[in-house]
Amino acid sequence: MILDTTGSLFLPPGHSTFSGEVDSLFNFILYASAVFLAIVVFGIIFFVLRYRRRPKEGVVTGPTHSTALEIIWSVIPTILVIIVFFWGFRLYLKMSIPPKDALEIKVTGQKWFWTFDYPNGANTLNELVVPVGKPVKLLMSSRDVIHGFYIPDFRIKMDVVPNRYTITWFEAVQTGVFNIFCTQYCGKGHSEMIAKVKVLGEREYNDWLISGTKAGEGMSLEDFGAKLYVSRACVTCHSVDGTANVGPSLKMIFGHQVKLADGSSVSADENYIRESILNPQARIVAGYQSVMPTFQGILNDRELDALIAYIKSLK
Amino acid sequence: METLSERNYLNEPRGWKSWIFTLDHKRIGVMYLIAIMASFLLGGVFAMLIRMELLHFGGKHLMGAQTYNQVFTLHGAIMIFLFIIPSIPAALGNFVLPQMLGAKDVAFPRLNLASFYIYVFGALFAVYSMSTGAVDTGWTFYTPYSTTTNTSVISMTLGVLILGFSSIFTGINFIVTVHKLRLPGMTWYKMPLFVWSLYATAIIQVLATPILGITLILLMLERTFGIGIFDPAMGGDPVLYQHFFWFYSHPAVYIMILPAMGIISELIPVFSRRKIFGYKAIAFSSLAIAFVSFLVWGHHMFVSGQSQYAAMIFSFLTFLVAIPSGIKIFNWLATLYKGSISLAVPMLYSLSFLFLFTIGGLTGMFLGALATDVHLHDTYFVVAHFHYVMMGGTVMAFLGGLHYWWPKIWGRMYSEFWARISAVLVFLGFNITFFTQFILGAKGMPRRYYNYLDQYQPLHAYSTYGSWILALGFIIMAVYLIHSLVKGRRAPDNPWQSLGLEWTNSSPPPPENFTVTPKLTHGPYDYDKIVSGDSTG
Ligand code: HEM
Ligand SMILES: [Cu+2]
């Protein structure tokens, strides 16, 4: 199967306000290229068949230049190229300057997950939730290396750079769930840095926002912790079944002695776990690199409690 | 088996020492040829590993994520720095440039030998880096990833830095050779177009390579001493590295493609037995491309957060530099018109070049246009695009040139039959491997991915199957070429009835290139004045 059931031969389905315009430009270049390629291919085949070398051929002469021809084949591509340039540039301006009334969401890239902060204080990990039919402005930065924020279905992409904000925006025209990829190579977990954008109807979005800030309500600490372990991407580096990954497994660490890189050891109690989450570089477990990012500012106290309760339960 | 009894550069002087201390540009060219072919093999093995891993058939992995990252980095770095940049100029260029000018050698034979050993030394460094925890940054070494990863960035970049010196020395040598050692009567307009293209390339090599050197030195300093120039934590700018890097590496793309265009401009007239169409347009557009190539580096950074104004300028200049390349394609096509076309193997590669390079160039339009680049940047579309340009363009031209000059270099003919089979396999395999990647990329598959979503699996599988056909083509090529060295038919002095000066000497040429000083009786492409067939020895 070469083709998806949706989208064109080349492009995935488009779901943002400007995806259709990008596709038109793409198709225009595609058709112009097809014509140009056809001329070259047809020319090669025709000339090769028509002027195949015959034995005992004498002098062959043909034109060695022709001003008229040369002007034609310089001017036509030039005009074409100028059209494509202006078209591409105008659309790009539109794609890079968000409308004034756009909803602003803060995006943070980090090895190897995305965090999203919403205006009312809610935050999510690896899942961007937005309302349909409303422009959304993304204000992005990175905590470590350069990442790239890419939503193919919306035709947007922008690098996410440490110590600098970059901006992109979109307006989804349809509810649904779409992929977010990291496109700037960022090391071992680069290809796992896949997130989702969930487009909700206006009402559902507002409901979600409210429940988002009150996440975990009505759940036991342990259950909430289990949920956070996945949604906050602990799972990308730590297993719960005892297998070592980028980081040590969380199975049966609570209450046990942990060997540290500097040779000492420490008893894994609540404070040790809290410190490992908020200030991971402070004490490194022997045999692992100090690659864990800090969750300072990402997890609130209740969430920390929940994670600790969950880790305690991993017997 | 016939033997090569007469005196030629291969058998005189004798002994291995006479090779490693040789000052003969032909021997240096041959040593380069062997070295770059070895690099191509190594890079090719890594390419096959990448493709095997990406097959993911039944969810199976061949290697871990970290290994994969190292493999694609080594593949890219070896192909670019060890193979394609030196391939045409240093190997084929070294062999034929002085002969095409009617000269005895290049201007600075000792510098030429030195640049070969510098190349070997740099290559050893780069290869050594594999044993010390191979780099995993991608061949572009972007900061801040490259300053923080714990793989051996330093020994690889040091290797590349050293290779840069080799490139600069070759460039200087060629520029002076072209200016000073042309046969009396060979005016600039009587120079073969391959020489023009090597000249334009040499200018870029000399002007752009030092920038790469400085960039890599800054990177090494940053890594070892934390000077902070690219480090955001110290007020540095991580994107600055990208500006520096592409300020070299974009012109470097033309170091790769201009010599290829030069070869095509040689081959098409010979095998069409026609004067080249638009000689001056081709010659000057090489220089124009060399010049403008310095002004477009920013098109690699349309989504890096640079200003919209900068993006506009770079997009505009990019389209400007595309036009002369497009015009060249029409010139080559027009040369076929009313020709007497022979489909010998070098011509098959030239026609492959025309087709593949056209696709490579046209897909550049999608990337030069800002709005579409946003979607396609850093996806497999880009991977396909640059393989069409670098492999479909430069490697095809290199192979065309290799088959064309093979009889001159070794005095032996290869099997035309097997060479055709191989050329067809390479062409088919290449297209299957890389055309699918345009579709993959347009559908949103990012590059440098060890894992991917299942929806991309079928296209990845086609690409991998294509790479096996491609590899088979290359294996056959290796077999018949090596076979020709031992069992090949004795090559005539001028098997293609070419008018190039290098074909007026014997095959292989004598150590001093020409036993009698050649006389310039006609231009390099005056097939209309010379009755074909009677110039053969
Ligand atoms: C046997 C033929 C080849 C195959 C099957 C092949 C395949 C590949 C693949 C699958 C990638 C990885 C793309 C990604 O994940 O981003 C790649 C990257 C690359 N290839 Fe090739 N390739 C071949 C030949 C060449 C040649 C001849 C050159 C240049 C002369 C070349 C230059 C590169 C470069 C520069 C990269 C980028 C590496 C990076 O992303 O850091 N390849 N190739
Ligand atoms: Cu990333």
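As the structure is a computational prediction, the values presented were derived from the model and not from experiment.

Points about the interface of chain A and chain B
The interface of chain A with chain B comprises 83 residues on the first partner and 94 residues on the second. Summing the contributions of chain A and of chain B, the shared interface buries around 7900 Å²; its carbon and sulfur component is 69%. Broken down residue by residue, the surface that chain A buries against chain B is led by R53, W73 and Y185 of chain A, which jointly contribute 10%. Connecting chain A to chain B are one salt bridge.

A closer look at a nonpolar patch on the surface
Residues and elements named next belong to chain B. Together, L41, V45, L49, M52, F57, L62, V424, L428, I432, Y462, Y465 and W468 line one region of the surface with nonpolar side chains, adding up to about 1100 Å² of accessible area. Broken down by secondary-structure element, the contributors of at least two residues to the nonpolar patch are α2 (25-55), α14 (416-442) and α15 (457-487). If you tally residues by element for the nonpolar patch, the top one is α2, at four residues. Its location among the elements puts V45 in helix α2.

Let's talk about the confidence of the model for chain B
All names here are of chain B. Of the residues in chain B, 98% have a pLDDT of 70 or more, and the chain-wide mean is 92. Segment residues 532-537: pLDDT under 50, and eight contacts once partners within four positions in sequence are set aside and those in other chains are kept. We note a pTM of 0.89 for the whole complex and an ipTM of 0.92 for its interfaces.

Describing the coordination of the copper ion (ligand 2)
All names here are of chain A. The coordination sphere of the copper ion (ligand 2), as far as protein atoms go, consists of H147 (ND1), C182 (SG), C186 (SG) and M193 (SD), spread over 2.0 to 2.7 Å. The coordination sphere of the copper ion (ligand 2) comprises four donor atoms, whose angles at the metal cover 91 to 128 degrees; the geometry is tetrahedral. Positions of the donor residues of the copper ion (ligand 2) along the chain correspond to the pattern H-x34-C-x3-C-x6-M. Within this pair, whereas H147 is found in strand β6 (residues 147-151), its partner C182 is found in strand β9 (residues 176-182), the two being separated by 35 residues in sequence. In this structure H147 comes out as buried when scored by relative accessible area, which is 0%. Its relative accessible area of 0% is what places C182 among the buried residues.

Things to note about the pairing of β9 of chain A
Residues and elements named next belong to chain A. Taking burial as the measure, the seven residues of β9 include five buried ones, the bulk of the element. In this structure, β6 lies alongside β9, joined through two bridges in antiparallel fashion. Paired with F149 across the bridge in β9 is C182.

Details of the confidence of the model for chain A
Parts of the prediction with low pLDDT should not have their coordinates interpreted in detail. Residue and element names in this part refer to chain A. Here chain A averages 87 in pLDDT, and 94% of its residues register 70 or above. Per-element mean pLDDT across chain A ranges from 83 in helix α4 (residues 221-231) up to 97 in β6. Scored below 50 in pLDDT, residues 1-6 shows nine contacts in the model against residues more than four places distant or in partner chains.

So, the sheet that holds strand β2 (residues 113-117) of chain A
Residue and element names in this part refer to chain A. What the five strands build is an open sheet, ordered β3-β2-β1-β5-β8; its pairing is mixed. On the outer flanks of this sheet lie β3 (123-125) and β8 (166-170), each paired with one strand and no other. The mean inter-strand angle of the sheet, taken between neighbouring strand axes irrespective of direction, is 25 degrees. Note that β2 and β3 share three bridges and pair antiparallel. The partner of D117 across the bridge, within β3, is N123.

Let's talk about the coordination of the iron atom of ligand 1
Residue and element names in this part refer to chain B. Taken together, the protein ligands of the iron atom of ligand 1 are H75 (NE2) and H387 (NE2), with distances of 2.1 Å. For the iron atom of ligand 1, the six donor atoms are set out with angles of 84 to 179 degrees between them, so the coordination reads as octahedral. Residue H75 is found in helix α3 (residues 65-101), and its partner H387 is found in helix α13 (residues 380-410); the two are separated by 312 residues along the sequence. Pair check on accessibility: H75 and H387 agree, each one buried.

Description of the pattern of salt bridges
Residue and element names in this part refer to chain B. Per the stated rule, a full pass over the model turns up 15 salt bridges over all chains. The salt bridge involving E512 is made with R7; its shortest N-O contact spans 3.0 Å. Highlighted residues: E512 in the segment after α15 and R7 in the segment before α1 (16-20), separated in sequence by 505 residues. Take E512: its relative accessible area is 22%, and that puts it in the partly exposed class. In this structure, a network of salt bridges that share partners links the residues R7, E12 and E512.

Concerning the site of ligand 1
Residue and element names in this part refer to chain B. Taken together, 23 residues lie around ligand 1, and H75, W139, H387, R447 and R448 are the ones closest in. A distance of 3.2 Å separates an oxygen atom of ligand 1 from a polar backbone atom of W139. Here a nitrogen atom of ligand 1 sits 2.8 Å away from a polar atom, N or O, in the side chain of H387. Sort the elements by how many residues they give to the shell around ligand 1 and α3 lands first, with seven residues. For the shell around ligand 1, the class distribution of residues is 16 nonpolar, four polar and three charged.

Let's talk about the sheet that holds strand β10 (residues 195-200) of chain A
Residue and element names in this part refer to chain A. One open sheet holds the five strands; their spatial order is β4-β10-β9-β6-β7, and the pairing between them is mixed. Of all strands in the sheet, those with a lone pairing partner are β4 (127-131) and β7 (156-160), marking the two edges. Between one strand axis and the next, the sheet turns by 25 degrees as a mean value, whatever way the strands run. As paired elements, β9 and β10 share five bridges and run antiparallel to each other. Directly across from G176, in β10, lies its bridge partner V199.

A look at the nonpolar core
Counting 258 residues, the largest nonpolar core has L128 and F149 of chain A together with F81 of chain B as the members making the most contacts within it. When residues in this core are grouped by element, the largest group, 23 residues, is from α3 of chain B.

A few points about the environment of G236 of chain B
Residues and elements named next belong to chain B. Here G236 lies in the loop between α7 (193-225) and α8 (238-272). Spatially, the C-alpha atoms of G236 and I289 are 33 Å apart, while their sequence positions differ by 53 residues. Once you skip the residues sitting within four places of it in the chain, G236 turns out to touch G228, I229, F230 and D231.

Points about the side chain of E502 of chain B
Residues and elements named next belong to chain B. Within the secondary structure, E502 sits in the segment after α15. Buried and unpaired, E502 has K408 as its nearest opposite-charge partner, separated by 8.0 Å. A distance of 2.9 Å separates a polar atom in the side chain of E502 from a polar atom in the side chain of W405. Residues contacting E502, with those up to four places away along its chain left out, are Q99, M100, Y404, W405 and K408.

What about the environment of L399 of chain B?
All names here are of chain B. Considering the arrangement of structural elements, one finds L399 in helix α13. Overall, L399 belongs to the buried group, its relative accessible area being 2%. Considered as a pair, L399 and V345 are 54 residues apart in the sequence and their alpha carbons are 9.3 Å apart. Ignoring any residue separated from it by four or fewer positions in sequence, one finds L399 in contact with Y349, F474 and M477.

Procedures and definitions
- Residues numbered from 1 in each chain as written.
- Chains lettered and ligands numbered in written order.
- Predicted model: local features only at pLDDT ≥ 70, side-chain atom pairs only at ≥ 80, totals over all residues.
- Heavy atoms only, no water.
- Contact = heavy atoms within 4.5 Å.
- Buried area = accessible area lost by both parts, 1.4 Å probe.
- Salt bridge = Lys/Arg side-chain N within 4 Å of Asp/Glu carboxyl O.
- Patch = residues over 30% accessible without salt bridge, like charges linked within 9 Å, V, L, I, M, F, W, Y side chains within 5 Å.
- Areas by Shrake-Rupley, 256 points an atom, 1.4 Å probe, with all protein chains shown as cover.
- Helix = DSSP H or I, 4+ residues; strand = E, 2+ residues; numbered from the N terminus.
- pLDDT = per-residue confidence, 0-100.
- Donors = N, O, S within 2.8 Å, 3.2 Å for Na, K, Ca; no water.
- Tetrahedral: all angles 85-135°; square planar, octahedral: opposite > 155°, others 65-115°.
- Buried < 20%, exposed > 50% of the residue type's maximum accessible area, 1.4 Å probe, protein only.
- Pairing = 2+ DSSP bridges.
- Axes fitted to C-alpha atoms, helices over the stretch in contact; angles between N-to-C directions.
- Near = heavy atom within 4 Å.
- Polar contact = N/O pair within 3.5 Å; in protein donor to acceptor, adjacent residues only side chain to side chain.
- Nonpolar A, V, L, I, M, F, W, Y, C, P; charged D, E, K, R; others polar.
- Core = buried A, V, L, I, M, F, W, Y, C linked by side-chain atoms within 4.5 Å.
- Lys, Arg positive; Asp, Glu negative; His and termini not counted.

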